[in-house]
Amino acid sequence: MGKNNEGHFSEHDNEKTDQKGGHSHHHAQYEHEENHEHKMEDNEHAEHGHHGHHGHDHGDMVNDFKKRFYISLLVTIPILILSPMIQGFIGIEWRFTFDKYVLFILATFVFFYGGWPFITGAIGELKKKNPGMMTLIGLAILVAYGYSSLTVFGWEGKDFFWELATLIDIMLLGHWIEMRSVMGASNALEELVKLMPNEAHKLDENDEAVDVPVAELKNKDRVLVKPGEKIPVDGTILDGKTAVDESMLTGESVPVEKYKNDEVIGGSVNKEGSITVQVEKTGEESYLSQVVTMVKEAQDSKSKTQDLTNRAAKWLFYLALLAGFATLFIWLALGYSFDVALERMVTVMVITCPHALGLAAPLVVAVSTSISAKQGLLIRNRTNFEGARNLNAVVFDKTGTLTKGEFGVTEIVPVEGESKADILMLAASLEAHSEHPIAAGIVAHSKDQEITLKKVADFTSITGKGIEGKVDGKQINVVSPGYIKSNGLNYDTDAFNKMSEEGKTVVFVLVDDRLVGMIALADIVRETAKLAIAALKEDGIHSIMLTGDNQKVANWVAKQLEIDEVYAEVLPDDKANQVKDIRNKGWRVAMTGDGVNDAPALATADLGIAIGAGTDVAMETADVVLVKSNPKDVVSIINLSRKTYSKMVQNLWWAAGYNIFSIPLAAGVLAPVGIVLSPAVGAVLMSLSTVIVAINAKLLKA
């Protein structure tokens, strides 16, 4: 790392340093204890988040549902065998003394062990005054268990223990399938905190470096940062010069030259020289803590929309209460005894929670997640993925998302009589000894062109200006515009200005102090990004580019991609604000990014999409991760979301269709003509609708 290649930064790069300035700090204070306190978002686990699993990770919750399902299923087998209703249905009688008490004990175990997540989940939903799937299941199992227990201890009527047990089994299975499919809640805050180094080399009065925890640093302390290390705090350089990679924090595609009195950000990477930094901001004042606060605020304020099944379950819950009480009062009004009226009421309320509803969405989610995984899309938040079908705009970060985040040669401009191949060969031979991103871009281009490099002697760097060495006895220099100007060399100013206007970095190649040509480099645009934006336009979805990089670079990239709207030089809090502004138009917005600086915007958007090659923070904050880092997959997400949603709606209609048919019959609409839905027939209809839902889910295609 220690080769001083600072010379590669043109004035264009130095301009950027000024824009980054102090990285404004206008955010609410961030409490330290919140660093590790992860508030699970009310997203796809609105229904799973209530039953005492806050301390565990997603994997533990999945395993918990799996265990509860298998144990409850085993206990359900004797419940079915002992159930008088099932025995009557298959025409056998295996009764024995106290059999109903054995049945009661087994059913009580399933109710409390298997049904516990639903009971606690229902309490959580009701506390929020937002009933959903958990409340509907909770109501059905509570009514079935309560009524059936009464019949064991002397109440006239038939028990519903078999219905209770099968309902709990199927709901546990549905939740297990769904949770296994979806990757689980975000740990963005923990990932952000991890970005900061734990220790710093603090300098004492004798300039001796002592390793201390970062938390102990105070304002005006001095720390030494060696090449390749992360800068531990926000501060000002007192001594030394270097290039700092801030790309993950600010979106700046080129490492930024830093000299004495320049500001540096904690969490960015010191690429080259050793520097002494004076601590300016610690703890909650630091840039990274501000980003943590923004992510937290965005996650907390994100609309707590319920997914489709939860919305359907909410209406079924109200329907169950209404239909149940209406049935009770009508039967009583018709002069029937309370026992009979209550049995009708219980039948209606239990039937209203269809077993098929428990599998309608999870099976579609499982199929959809498996299709998406094959396409390289990891769905983390089902509710927001469902909403992708309604997107109006997609906001793209530039560096690393629309571009590769690495330099590539865009053109070589030779002086008359010189050959492009020779200029590239000389520059690449020299640059092979440097580790600068510009050097890497030139060397990679020479490999693409299959150019053989020559041996270099006397390689040295000219501080702040470039590099030099000897090839075949000739003095070769690869230098910045500053070097050319200070040495009064003539060059094609029109060509140089045109390339600079496009935000490109230009280096000059000299042979024995004579200019032979210029090489322009820029962050290479992904081919797939062009296809993605064209496909979105065709779909009537607006594409917007949002970047921390400077305006010239942004405009050049936008022109290549034909993006209509561009916001450049945007700081992270502004990124989230820009997304908010777009949402305030009434649009549904997706944000696609890869860096720490994108995390607040990813959390703010209706759908956060992370590029798989990006930071862990971005991936933890996002709702969907693009494993292949291919922007065109954004189009695939939208298409798959539409297909998944329509398949879910079909399944919910199949599940609800069972209700539409069964509830009136269970309530006794046809009782006057002697037709009352017996629980046994209800069981057959229930099984039929569950099978149809399962088959229909499997028919989902990419």
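Since we're looking at a predicted model, the values are computed, not measured.

Rules used in this analysis
Here the residue index of a chain counts from 1 through its sequence in written order. Where totals are concerned, whole chains, interfaces and linings use all residues; where local detail is concerned, this predicted model gives features only for residues with pLDDT of at least 70, and gives and counts side-chain atom pairs only at 80 or more. For side-chain calculations, the full set of non-hydrogen atoms in the structure is used, while hydrogens and water are omitted. Numbering of helices and strands starts at the N terminus; helices are DSSP runs of H or I of at least 4 residues and strands are runs of E of at least 2. For the exposure calls, accessible area comes from a 1.4 Å probe over protein chains only, and a residue counts as buried if that area is under 20% of its type's maximum, exposed if over 50%, partly exposed in between. Contacts are assigned to residue pairs that have any heavy atoms within 4.5 Å of one another. UniProt positions are given in the numbering used here, feature names are shortened, and annotations may be inferred rather than shown by experiment. Helix axes are fitted only over the stretch in contact, all axes being lines through C-alpha atoms; the angle between N-to-C directions runs from 0 to 180 degrees. Oblique is the label for every angle not falling under 35 degrees (roughly parallel), over 145 degrees (roughly antiparallel), or within 65 to 115 degrees (roughly perpendicular). The sense of a crossing depends on the near helix, which, turned anticlockwise from the far helix by less than a right angle, makes the crossing left-handed and, turned clockwise, makes it right-handed. Ten residues, namely Ala, Val, Leu, Ile, Met, Phe, Trp, Tyr, Cys and Pro, are considered nonpolar, four, namely Asp, Glu, Lys and Arg, are considered charged, and the remaining ones, Gly among them, are considered polar. His is not counted, nor are the chain ends; Lys and Arg add positive charge and Asp and Glu add negative charge. Salt-bridge detection follows one rule: a side-chain nitrogen of Lys or Arg within 4 Å of a carboxyl oxygen of Asp or Glu. Any pair of N or O atoms that falls within 3.5 Å is considered a polar contact. Within protein, one atom must be able to donate a hydrogen and the other to accept it, and sequence-neighbouring residues count only if both atoms are side-chain atoms. Two strands are said to pair when DSSP picks up at least two bridges between them. In summary, the pairing rule links any two rings of Phe, Tyr or Trp, Trp by its six-membered ring, whose centres are within 6.5 Å, and it sorts them by plane angle into stacked for under 30 degrees, edge-to-face for over 60 and tilted for everything else. Geometrically, a charge over a ring is one whose NZ (Lys) or CZ (Arg) sits within 6 Å of the ring centre while staying within 35 degrees of the ring normal. In this analysis, a patch consists of residues with relative accessible area above 30% that form no salt bridge, clustered at 9 Å for like charges and at 5 Å for the nonpolar side chains Val, Leu, Ile, Met, Phe, Trp and Tyr. Only the protein chains shown count as covering a residue, and every accessible area follows the Shrake-Rupley method with a 1.4 Å probe. Given the number of residues in a helix, its expected span is that number minus one, multiplied by 1.5 Å.

A. Molecular detail of the overall build of the chain. For the chain, the count of helices and strands is 26 helices and 22 strands. For the chain, with 702 residues in total, the buried portion stands at 57%. Residue pairs in contact within the chain that sit at least 24 positions apart in sequence constitute 72% of those at least 6 positions apart.

B. Just the UniProt feature "transmembrane region" (unreviewed entry) in the chain, in detail. What UniProt calls "transmembrane region" (unreviewed entry) maps, in this numbering, to residues 69-90, 102-124, 136-154, 160-177, 315-334, 346-373, 652-675 and 681-700. Split by type, residues 136-154 is 89% helix and 0% strand. Its first and last C-alpha atoms lie 28 Å apart. The distance from the first to the last C-alpha atom of residues 160-177 is 26 Å, and the span holds 94% helix and 0% strand.

C. Here's a closer look at the packing of helix 4 (residues 99-114) against helix 7 (residues 161-181). Contact pair helix 4 / helix 7: the axes reach a minimum separation of 10 Å and the direction vectors enclose 25°. With respect to each other, helix 4 and helix 7 are oriented roughly parallel. In this structure, helix 4 crosses over helix 7, and the sense of that crossing is left-handed. On the side of helix 4, the interface is formed by L103, F104, A107, V110, F111 and G114, while helix 7 contributes F161, L164, A165, I168 and L172. Across the contact of helix 4 with helix 7, the residue classes tally to 10 nonpolar, 1 polar and no charged.

D. Broad picture of the side chain of E125. In this structure, E125 sits in helix 5 (residues 116-127). Salt bridges are absent for the buried E125, whose nearest opposite-charge side chain, K128, sits at 8.5 Å. Of the polar contacts made by the side chain of E125, one reaches the side chain of T135; its length is 2.5 Å.

E. Representation of the sheet that holds strand 6 (residues 256-258) in the model. Strand order in the open sheet formed by 3 strands is 6-5-8, with antiparallel pairing between adjacent strands. With one partner strand each, in any of the chains shown, strand 6 and strand 8 (269-270) form the two edges of the open sheet. Note: strand 5 (residues 242-245) against strand 6, 3 bridges, orientation antiparallel. Looking at strand 6, one finds that A243 is bridged to E257.

F. Quick peek at the sheet that holds strand 1 (residues 199-203). Strands sit in the order 2-1-3-9-4-7 across an open sheet of 6 strands; the sheet is antiparallel. Only two strands of the sheet have a single neighbouring strand rather than two, namely strand 2 (209-213) and strand 7 (263-264). As judged from the 4 bridges shared by strand 3 (residues 222-225) and strand 9 (residues 275-281), these two strands associate in the antiparallel manner. The partner of V225 across the bridge, within strand 9, is I275.

G. Seen up close, the packing of aromatic side chains. Inspection of every chain in the model, using the stated rule, returns 22 aromatic pairs. Among the aromatic residues, those joined into a ring-pair cluster are F98, Y101, F104, F111, F112, Y145, F153 and F161. Over the face of the ring belonging to W331 we find R344, whose NZ or CZ atom lies 6.0 Å from the ring centre. Lying across the ring of Y645, R389 places its NZ or CZ 3.2 Å from the centre.

H. View of a nonpolar patch on the surface. Taken together, the side chains of L74, I77, I81 and W94 present a nonpolar region at the surface, about 440 Å² in accessible area. Mapped onto the fold, L74 is located in helix 2 (residues 58-82).

I. Summary view of helix 17 (residues 437-448). Across its 12 residues, helix 17 extends 17 Å between first and last C-alpha, which sits within 8% of the 16 Å expected from 1.5 Å per residue. By the burial criterion, the buried members of helix 17 are I438, A439, G441, I442, V443, H445 and S446. Buried-residue contacts for helix 17 involve strand 12 (403-414), helix 16 (420-431), strand 16 (505-511) and strand 17 (514-525).

J. Spatial organisation of the pairing of strand 16. Most of strand 16 sits out of view: 7 of its 7 residues are buried. With burial as the criterion, each face of strand 16 is covered, one bearing T505, V507, V509 and V511 and the other bearing V506, F508 and L510. Alignment of strand 16 against strand 17, held across 7 bridges, turns out to be antiparallel. Directly across from V507, in strand 17, lies its bridge partner I519.

K. Representation of the pairing of strand 4 (residues 234-239) in the model. The sheet contact formed by strand 4 and strand 9 spans 5 bridges and is antiparallel. Bridge assignment links T236 to a residue of strand 9, and that residue is Q278. In the sheet, strand 4 pairs with strand 7 via 2 bridges, with the strands oriented antiparallel. For G235, the partnering residue across the bridge sits in strand 7 and is V264.

L. Structural view of unusual backbone geometry. Although it is not a glycine, D207 adopts a positive phi angle of roughly 60°. As for its placement among the helices and strands, D207 is situated in the loop between strand 1 and strand 2. A positive phi angle, close to 55°, is found at E569, a residue other than glycine. Summarising the element assignment, E569 is placed in the loop between strand 19 (565-567) and helix 22 (572-584).

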